[in-house]
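Summary of structural features
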Amino acid sequence: MASQANGAPAGANNRVVVGDFDGTWAELAESSFGASNDTLSAPLAAAFLVSGHRGAAQAAWLAATEANRETLIATAARIDDEQAEGFREFGLSLVRDGAGGVDVAPAINERDAEDGRVWLLTSGSTGRPKQVAHTLASLTTVAGDQPARTWLCPYTPGAYAWWQVVTLSIALPGQDIVFVDPAQLAEWPEQALAAGVTAASGTPTFWRQALWRSGDVLAQLKLEQVTLGGEPVDQAILDRLREMFPNARISWIYASSEAGAAIAVHDGLAGFPEAWLERDVPGRPRLSVEDGELLIASPKAAEGMDAVIRTGDSVDISGGRVVITGRAASDEINVGGSKASAGKVRAALLAHPDVAWAAVRGRKAPLVGNVVAADVVLRDGLDKASDDAPTQADLQAWCGERLPEYAVPRRIRYLSEIPIKESLKSDV
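Residues numbered from 1 in each chain as written. Predicted model: local features only at pLDDT ≥ 70, side-chain atom pairs only at ≥ 80, totals over all residues. Heavy atoms only, no water.

**Details of empty space enclosed by the protein**
- Throughout the structure, instances matching the rule amount to 1 cavity of 30 Å³ or more.
- In this model, the largest cavity occupies a volume close to 30 Å³.
- Pro232, Val233, Trp252, Gly271, Val322, Val323 and Ile324 together form the lining of the largest cavity.
- A total of 3 residues in the lining of the largest cavity trace back to one element, the largest contributor, which is strand E19 (residues 321–327).
- Tallied by class, the residues present in the lining of the largest cavity amount to 6 nonpolar, 1 polar and no charged. (1 Å grid on protein atoms, 1.4 Å probe; cavity = no way out; pocket = protein on both sides within 12 Å on 5 of 7 lines; lining within 4 Å. Points joined across faces, edges and corners; volume = space filled by probe spheres on them. Helix = DSSP H or I, 4+ residues; strand = E, 2+ residues; numbered from the N terminus. Nonpolar A, V, L, I, M, F, W, Y, C, P; charged D, E, K, R; others polar.)

Next up, the structure:
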């Protein structure tokens, strides 16, 4: 990580906006820790269980500036008592920020810290989150001269995508950062407008919710960089963002705690070029597909991973593009022996001009075992009772023109809003 002449990280004077704090990284480091009244002091091997972005950012700064430090950062709400005790048995002290001050529970099995080790937790989509080992170097994926930008960071503290934005701001001058806590997700466009945000990264659900809820404010942002990731990225959301921000570079990123940052696409199209498969380029991941699953061999992968990581993500190869459709474990719906892809059904629904959001699942049914069912949120200004709103029959006919008969949703439920959870992914 690049440093200033005084040894501080090169981004020490970048602006940080988090909660009621508006200053530099260096000033944030000297302020009270998170929600506590105390400045931060912690054992060298520590798991920081924080209440929000402020404490998480301070812990990240500590990891970047103090030698012989081993760090894990997560929101306290994400970690149950059993897992917290597991951290202590592993040799990490627990550091929490609270109104009464900094609370430290020492490690049960004390040991020397692994210098520069940063632990991340997996998404937990298939069970309890697991620890994977990174370093600040493996988490810092942007280098060289970059245009000055003010970044929005709405991701869960300690998540891989969160570290991507944080390490960028700490490592490079001119990369200011504005954090959005979960309670502020509904108002983030207003916050971003007030702070002068010029670059923002979020999941497709994050962007859809903002377009649906705060489109007028969103249109006022002078965004130069728009990034999507964390969920399948479909053409409809890319096109909508292009309409909203015609002068921005629009990118989608495939990254995970295990594989690191593996794919970056900037051409405005869903998926990545099929020509990238089986390509060997020094310093870049090698991508392949086996039985419809994306495989990655990545130089930025977490330590201890297999040389080739099975991502668990299903892909569809068509028209020279490789499109990620969803998790293999949940994407396939068996309808009387025929295999319907939830991702393809979702993409068909999202391509309808009146649909702002959609989720697809299997629903048990006699004779065929399952049928396809969907939830949809209509674009802003429409609801199910609107005269010009598409009916269930309209949407079924739309899907019937784009999908095999067995994949057409048999039941479509209309929701009043786009659900979102702390991970910025859909809650349904």
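Right, picking up where we left off after that structure.
**Here we look at the nonpolar core**
- Among the nonpolar cores identified, the biggest contains 87 residues, and Phe48 and Trp207 are the most heavily contacted of them.
- Broken down by element, this core gets its largest block of residues, 8 residues, from helix H5 (residues 160–171).
- If we skip the residues at most four places from it in the chain, Trp207 touches Trp188, Ala200, Ser201, Gly202, Leu218, Leu223, Val226, Thr227, Leu228, Ile237, Leu241 and Phe245.
- Within the second largest apolar cluster, 25 residues are counted, among which are Ile333, Ala342, Leu349 and Val372. (Core = buried A, V, L, I, M, F, W, Y, C linked by side-chain atoms within 4.5 Å. Buried < 20%, exposed > 50% of the residue type's maximum accessible area, 1.4 Å probe, protein only. Contact = heavy atoms within 4.5 Å.)

**Observations regarding the confidence of the model for the protein**
- In the predicted model, the protein carries a mean pLDDT of 92, and the fraction of residues at 70 or more is 97%.
- Across the protein, element-level confidence peaks in strand E10 (residues 175–179) with a mean pLDDT of 98 and bottoms out in helix H9 (residues 328–331) with 83. (pLDDT = per-residue confidence, 0-100.)

**Observations concerning the side chain of Glu231**
- Along the chain, the position of Glu231 falls in the loop between strand E12 (225–229) and helix H8 (235–244).
- Buried within the structure, Glu231 lacks any salt-bridge partner; its nearest side chain of opposite charge belongs to Arg208, at an N-O separation of 5.5 Å.
- From its side chain, Glu231 meets the backbone nitrogen of Ser426 in a polar contact 3.2 Å long. (Lys, Arg positive; Asp, Glu negative; His and termini not counted. Salt bridge = Lys/Arg side-chain N within 4 Å of Asp/Glu carboxyl O. Polar contact = N/O pair within 3.5 Å; in protein donor to acceptor, adjacent residues only side chain to side chain.)

**Re the sheet that holds strand E22 (residues 355–365)**
- Strand order across the open sheet formed by 3 strands is E22-E23-E24, with mixed pairing between neighbours. On the outer flanks of this sheet lie E22 and strand E24 (411–414), each paired with one strand and no other. Geometrically, the sheet is characterised by an average inter-axis angle of 25° between neighbouring strands, direction not taken into account.
- Pairing geometry for strand E23 (residues 369–378) and E24, over 4 bridges, is parallel. By the bridge assignment for E24, Ala374 is matched with Ile412.
- The sheet strands contacting helix H7 (residues 204–218) are E22 and E23, and the helix crosses E22 at an angle near 125°.
- Relative to E22, helix H10 (residues 342–350) is tilted by about 145°, and along the sheet it contacts E22 and E23. (Pairing = 2+ DSSP bridges. Axes fitted to C-alpha atoms, helices over the stretch in contact; angles between N-to-C directions.)

**Some remarks on the layout of surface pockets**
- What the second largest pocket holds in volume is close to 290 Å³.
- If you trace the second largest pocket, you find 17 residues lining it, with Asp331, Lys339, Ala340, Ser341 and Lys344 closest to the centre.
- Considering only residue class, the lining of the second largest pocket consists of 7 nonpolar, 4 polar and 6 charged.

**Considerations on the pattern of salt bridges**
- Considering all chains together, one arrives at 22 salt bridges under this definition.
- Residue Glu70 is joined to Arg111 by a salt bridge in which the shortest nitrogen-to-oxygen separation is 2.8 Å. Taken together, the residues span a long stretch of sequence, with Glu70 in strand E4 (residues 70–75) and Arg111 in the loop between strand E6 (101–105) and strand E7 (117–121) at a distance of 41 residues.
- Using a relative accessible area of 30% as the deciding quantity, one classes Arg111 as partly exposed.
- Residue Glu114 is joined to Arg117 by a salt bridge in which the shortest nitrogen-to-oxygen separation is 3.5 Å.

**Details of the pairing of strand E16 (residues 286–290)**
- Of the pairings in the sheet, the one linking E16 to strand E17 (residues 293–297) comprises 5 bridges and is antiparallel in character. Bridged to Val289 within E17 is Leu294.
- Where E16 folds back on E17, the antiparallel hairpin that results is connected by 2 residues, among which Asp291 adopts a positive phi of roughly 55°.

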